[in-house]
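Spelled out, the chains give:
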Amino acid sequence: MDPVLTGLLKPKSVAIIGASATPGKIGNTVVKNLIESGYQGGIYPVNPQAEEILGIKCFPTISAIPGEVDAAVITIPAKFVVEATEECGKKGVKGLIIITSGFSEVGRADLEQEIVDIARQYGMRVLGPNIVGTLSNSDKMNASFAPFLPLAGKASLVSQSGALLIAMDAATYTRRVGFDKLVSIGNMSDVDFADLIAYLNEDPATSCISLYVEGLKDGPRFIAEARKATKPIVVLKSGVSAHGAAAAASHTGSLAGAAKIYGAAFEQAKVSQATDLDDLFDRTLALSLEAPMKGENLLVLTNGGGVGVLATDSAEKAGIPLHFAPEDVQEELKKHMPDFGSAKNPVDMTGMAGNEWYHDTVKFAYAHPWVDGLVILYCETAMTLPQEIAQSIHAAITETGITDKPVTVSFVGGERSDKAMEWLVENGIPAYGAPDLAVNAMGALREYGRMLDLANEKPYLPEKVDSALARSIIASARKHGRNALTEIEAKKVFKAYGLPITETDLAKTEEEAVQLARKIGYPLVMKIVSPDILHKSDAGGVKVNIKDELGVKEAFQTITKNALAYKADAFIDGIAVQEMAPWATEVIIGSVNDATFGPTVMFGLGGIFVEVLKDVVFRVAPVSLLEAEKMLESIKSAAILNGVRGEVMRDKKALAKVLASYAFMVYDLKDEVSESDANPVIVYEEGKGVKVVDARIILKKK
């Protein structure tokens, strides 16, 4: 583990700069909390006006403290923090926990940066500023102004919001979801989410890392650290209703949004995304206690048909639809239920099920190799005691000796059921107050299992790439003062990365157009080529299905006339003469250079699916071939590529390769390309490949 971060988050001694003898002040609360949490390290209040605070000797400056100081909690006004940082550096402090506000959140980014610069000179790390502090059960340390340590557990939470962290601290007791550490991260002037993921991944007291994220400063580094983590990560992302800087010069730019791109990035980083605070707690509980679900076979056991039906509906929504158990499994299950029970799935042992039936059924089902995950439901009855049912379930799971298969539980009833579920959680089995919550938790465990399958995939590298040619084309456009490539230039860039473009060339005169037509062959498409006209169809700048020389001449004249009518001062390079690819299924591939995550590739079906339904998916570039294949399956209209209503299967293998090559292209050109589109891309039947019909590249402004 990083020794400096260890000194900051697991310090052997803590100084409180700005400690106060006045109850209610933050400097007093931090000292009080350290004492009351049972912290065993050195506690050193720093205040030149006090002899002692809460019975502990006070020091006038941090330099007056004898011996080493690992961490300094700073609570003094912002204007004095720079000087205090310098003093801490000279003292050899490892890290600063800056509770003080009044920095970048109020426009004083300069003051914040000055603190970070000084800290780096001395090899210190900075947590904050503008934070609550940090809490750790395993270290018996509450170095914050949160009122108490959270309910002890195996997860750790990092929160960008201090107020939310305090609220969640209290909620750990009502929700019965335990945490070892709560870390407030605030302005992230130095220590960020990626740092803490790396640290907590090596922390023996943490089995699951939970995050409340408002924004990331370095998206690619976050993805890299999360992908390396061997522990599950749960995130609740707020502020996804708008995407600050997206332009709309391309279709992709207009479709990109914070929610879609963050969601894609989290999936690639094998991070489980919660929908709200309740879901964050529910997922954290499951992922902190259980192994991932590694297959698709979920079995539901219950003593009531109603909750079984509710679980079946929830399983469909959670992405783990139920399948009937094999005959041999059903035959064994029937031994533990009356004739009117059901062994199919969900398994209804009926209201007659008692401790012994639950024990034997759970033990058999959990150990059977067909079962990849087990959800156990119980409706409280007059004939059973919830605590005894809970103990039977726990004993059955324990007796199998299996630790790599997940189980979740839901008891539906009153206070006795609540206490029984609390006992189950304390004994390592996640339990929830409603069937859908138990199933959703299993869905999170299955989602994590699927993410692990992709985690070790390497980005796809096209076989033949001419990066130098692509960059020379871009350089030429920049030399002429343009921030958009013409279609022909864009296609040459695409071709340099192995993308299958339609044959296209530029004609500046009618005669050149006729000569190109003879060379390419009919039928043809002709389009305006102008840096001032990006949306060619809007300008009447496209003619299709041209079948002879007369049609070529007429199209040349009409397109030129329409373009000048659309934009009189448009600079016209000429007219593109292009082979007319046979029509099939139309898709769009594109990219944006996202402010947080960098080059991000998009995929969707063309036409109404992208224009109206906005049925698209995103991934941060580059991507593996398997990730590209998954993108094809992730859109709502994926069935169209599989062939529906008599249509043939489309060449998804070739399309995935093109998509992965495209992602590599925009990643390789990340310093040059702002947005791009390959639209449409025509996908032919299986084995017949794809064709990129149109191309657009918008350059980054320099």
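The structure under discussion appears in the preceding block.
Residues numbered from 1 in each chain as written. Predicted model: local features only at pLDDT ≥ 70, side-chain atom pairs only at ≥ 80, totals over all residues. Heavy atoms only, no water.

Across its full length, the protein holds 24 helices and 29 strands. When its C-alpha atoms are laid out on the principal axes, the protein stretches across 95 × 80 × 40 Å. In the protein, which comprises 702 residues, the proportion classed as buried is 57%. A fraction of 71% describes how many contacts in the protein between residues 6 or more apart in sequence connect residues 24 or more apart. With the model as given, the accessible surface of the protein reaches about 28600 Å², and the carbon-plus-sulfur share is 53%. (Helix = DSSP H or I, 4+ residues; strand = E, 2+ residues; numbered from the N terminus. Buried < 20%, exposed > 50% of the residue type's maximum accessible area, 1.4 Å probe, protein only. Contact = heavy atoms within 4.5 Å. Areas by Shrake-Rupley, 256 points an atom, 1.4 Å probe, with all protein chains shown as cover.)

So, about helix α17 (residues 467–479). End to end, α17 covers 18 Å across 13 residues, agreeing with the expected 18 Å (1.5 Å per residue, within 8%). Within α17 the residues assigned to the buried category are S467, A470, I473, I474 and A477. Down the axis of α17, the sector holding all buried residues measures 130°, keeping them to one side. Seen from the open side of α17, the exposed residues pointing more than 90 degrees away from its buried face are A468 and K479. (Expected span 1.5 Å × (residues − 1). Arc of directions from axis to C-beta.)

A few words now on the sheet that holds strand β16 (residues 347–348). The strand order across the open sheet built from five strands is β16-β15-β17-β18-β19, with neighbouring strands paired in parallel fashion. The sheet is open, and its two edges are formed by β16 and β19 (431–432), each paired on a single side. Across four bridges, the pairing between strand β15 (residues 298–302) and strand β17 (residues 373–379) is parallel. Within the sheet, the bridge partner assigned to V300 lies in β17 and is V375. The sheet strands contacting helix α16 (residues 435–455) are β15, β17, β18 (407–412) and β19, and the helix crosses β18 at an angle near 170°. (Pairing = 2+ DSSP bridges. Axes fitted to C-alpha atoms, helices over the stretch in contact; angles between N-to-C directions.)

In this section: a nonpolar patch on the surface. On the surface, I608, V612 and L613 cluster together into a nonpolar patch covering about 300 Å² of accessible area. Residue placement: L613 occurs in the loop between α21 (608–611) and β26 (616–620). Residue class for L613 comes out exposed when judged on its relative accessible area of 53%. (Patch = residues over 30% accessible without salt bridge, like charges linked within 9 Å, V, L, I, M, F, W, Y side chains within 5 Å. Salt bridge = Lys/Arg side-chain N within 4 Å of Asp/Glu carboxyl O.)

Our focus in this paragraph is the nonpolar core. One finds L298, L299, L374, I393 and F411 to be the most contacted residues of the largest nonpolar core, which totals 73 residues. Ranked by the residues each element gives to this core, the list is headed by α16, at six residues. Those residues in contact with L299 that sit more than four places away from it in its chain are A325, N345, V347, A365, W370, V371, G373, L374 and V375. In terms of nonpolar packing, the next biggest core, distinct from the first, is built from 59 residues, V158, I185, L196 and L211 among them. (Core = buried A, V, L, I, M, F, W, Y, C linked by side-chain atoms within 4.5 Å.)

The next subject is empty space enclosed by the protein. Per the stated rule, a full pass over the model turns up three cavities of 30 Å³ or more. The volume enclosed by the largest cavity comes to roughly 100 Å³. Lining the largest cavity are 13 residues, with T486, E487, S530, I533 and K536 positioned closest to its centre. Elements supplying a minimum of two residues to the lining of the largest cavity: β21 (524–529) and β29 (695–699). When the residues that make up the lining of the largest cavity are grouped by side-chain class, the tally is eight nonpolar, two polar and three charged. Quantified by volume, the second largest cavity comes out at close to 70 Å³. (1 Å grid on protein atoms, 1.4 Å probe; cavity = no way out; pocket = protein on both sides within 12 Å on 5 of 7 lines; lining within 4 Å. Points joined across faces, edges and corners; volume = space filled by probe spheres on them. Nonpolar A, V, L, I, M, F, W, Y, C, P; charged D, E, K, R; others polar.)

Turning our attention to the pairing of β21. Every regular strand shows the same layout, with side chains that alternate between the two sheet faces. With six of six residues buried, β21 lies mostly within the body of the structure. Both faces of β21 are covered, namely the face carrying L524, M526 and I528 and the face carrying V525, K527 and V529. Pairing analysis gives three bridges linking β21 to strand β22 (residues 542–546), with the strands arranged antiparallel. Each residue of the ladder has a partner; that of M526, found in β22, is K543. Both β21 and strand β23 (residues 574–579) contribute to a ladder of six bridges, which runs antiparallel. Counted as the bridge partner of M526 is V577 from β23.

This brings us to the sheet that holds strand β13 (residues 233–237). In sheet architecture, strand pairing relies on hydrogen bonds along the backbone and comes in two forms, parallel and antiparallel. Strand order across the open sheet formed by seven strands is β9-β8-β11-β10-β12-β13-β14, with mixed pairing between neighbours. Each edge of the sheet is formed by a strand with only one pairing partner; in this case those strands are β9 (141–144) and β14 (271–273). With direction set aside, neighbouring strand axes in the sheet form an average angle of 15°. Of the strand pairs in this sheet, strand β8 (residues 133–136) and strand β11 (residues 179–184) are connected by three bridges, and their pairing is antiparallel. If you follow L135 over to β11, its bridge partner there is L182. Along the sheet, helix α6 (residues 193–201) makes contact with β10 (155–159), β11, β12 (208–213) and β13, crossing β12 at roughly 165°.

Right, let's talk about the environment of A507 for a bit. Relative to the elements of secondary structure, A507 occurs in strand β20 (residues 504–507). Overall, the relative accessible area of 0% leaves A507 in the buried class. Between the alpha carbons of A507 and I17 there is a distance of 74 Å; along the sequence they are 490 residues apart. Setting aside residues no more than four positions away along its own chain, A507 makes contact with E512, A513, L516, F556, G574, I575 and V577.

Its place among the elements puts D139 in the loop between β8 and β9. D139 sits in the buried class, given a relative accessible area of 17%. In terms of polar contacts, D139 uses its side chain to reach the side chain of K10, at 2.6 Å. For D139, the side chain forms a polar contact with the side chain of S136, separated by 2.7 Å. Excluding residues that lie within four positions of it along the chain, D139 makes contacts with L9, K10, Y39 and K181. (Polar contact = N/O pair within 3.5 Å; in protein donor to acceptor, adjacent residues only side chain to side chain.)

Turning to the packing of aromatic side chains, a few remarks are in order. Under the defined criterion, the tally for this structure stands at ten aromatic pairs. Considering the side-chain rings of F222 and F266, the 5.9 Å spacing of their centres and the 65° angle between planes classify their relative orientation as edge-to-face. Separated by 44 residues along the polypeptide, F222 in helix α7 (residues 219–228) and F266 in helix α9 (residues 258–268) bring together distant segments of the chain. As far as the burial class goes, F222 and F266 line up, both buried. Pairing Y497 with F664 gives two aromatic rings, centres 6.2 Å apart and planes at 55°, and the pair type is tilted. A residue pair is termed long-range when its members are at least 10 positions apart, and Y497 in the loop between α18 (487–496) and β20 and F664 in helix α24 (residues 652–668) qualify at 167 residues. Look at Y497 and you get buried, because its relative accessible area is 0%. (Phe/Tyr/Trp six-rings, centres within 6.5 Å; stacked < 30°, edge-to-face > 60°.)

Take it as geometry only, folks, not as evidence of what the structure does.
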